[in-house]
Amino acid sequence: MLHKRDTFEKKKIYANFLFQNKSAKDETSHTELILSILGSKTPVVAFTSMLSKDTTIGPRAILKYDHVVTNWGGAYEPTTGIFTAPYDGLYSISCTLMSYPSNHVHLEMMKNGQRISILFSNAKTYPQASQTLHLILNKGDRIWMQNHNNHNAKLHDWKVYNVFSGILIKDL
């Protein structure tokens, strides 16, 4: 006889199989299918993205995290660097920053064009900064990281230091 845990584990394996064999254009429908298989009522939205190499961004430019590790729900767009909330809800949004030793960097976390926080990484070493914010977002709200300075900023990375991530904690 199967216990509830065994049944859930089989559903989880099947859901992971579906996710691994999805096409990019069908990600939302696959996510909905996985949720129905798992019996979840809260939508799954989660992304983690990184920089794949040392990156220079222009003054006031949006940082485009090009190495996408996770993008459940397809809400992060690596070509623009923007996360768009697909549901009203409570989200946790995080960012880590490591500058290149030749310069200091200020990165702003932006919501719909308004700064909501700022990170700083100094020059001459490899210091790291990080922040996590818990935000109430409305469907369609946009979050991104951008260079705060009026000069170029160089960030040090090889898929390990500079991270932009978020997750829907609870839909509202």
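See the structure printed just above.
Computed from a predicted model, the values in this text were never measured in an experiment.

(A) Structural detail: the overall build of the protein. When helices and strands are counted, the protein shows two helices and twelve strands. When its helices and strands are written in sequence order, the protein yields α-α-β-β-β-β-β-β-β-β-β-β-β-β. Taking all 172 residues of the protein together, the buried fraction comes to 41%. A separation threshold of at least 6 residues defines the contact pool for the protein, and within that pool the share at least 24 residues apart is 70%. When the accessible surface of the protein is totalled, it reaches about 9400 Å², and 54% of it is carbon and sulfur.

(B) Up close: the pattern of salt bridges. Counted according to the given criterion, the structure contains five salt bridges. The partner of Arg115 in a salt bridge is Glu108, and the shortest N-O contact between them spans 3.1 Å. A relative accessible area of 2% places Glu108 in the buried class. A salt bridge links Asp141 to Lys111, with the nearest nitrogen and oxygen atoms 4.0 Å apart. Of this pair, Asp141 sits in the loop between β9 (128-137) and β10 (142-147) while Lys111 sits in strand β7 (residues 105-111), placing them 30 residues apart in sequence. On the accessibility criterion, Lys111 (24% relative accessible area) is partly exposed.

(C) Region of interest: the environment of Lys159. Mapped onto the elements of the fold, Lys159 is located in the loop between β11 (153-155) and β12 (163-171). For Lys159, a relative accessible area of 40% puts it in the partly exposed group. Excluding residues that lie within four positions of it along the chain, Lys159 makes contacts with Met50, Leu51, Ser52 and His67.

(D) Main features of the pairing of β12. By the bridge criterion, five bridges tie strand β1 (residues 46-50) to β12 in an arrangement that is antiparallel. Paired with Thr48 across the two strands is Ser165, which belongs to β12. Examined bridge by bridge, strand β6 (residues 89-98) and β12 share eight bridges and lie antiparallel to one another. For Ser94, the partnering residue across the bridge sits in β12 and is Ser165.

Rules used throughout
- Residues numbered from 1 in each chain as written.
- Predicted model: local features only at pLDDT ≥ 70, side-chain atom pairs only at ≥ 80, totals over all residues.
- Heavy atoms only, no water.
- Helix = DSSP H or I, 4+ residues; strand = E, 2+ residues; numbered from the N terminus.
- Buried < 20%, exposed > 50% of the residue type's maximum accessible area, 1.4 Å probe, protein only.
- Contact = heavy atoms within 4.5 Å.
- Areas by Shrake-Rupley, 256 points an atom, 1.4 Å probe, with all protein chains shown as cover.
- Salt bridge = Lys/Arg side-chain N within 4 Å of Asp/Glu carboxyl O.
- Pairing = 2+ DSSP bridges.

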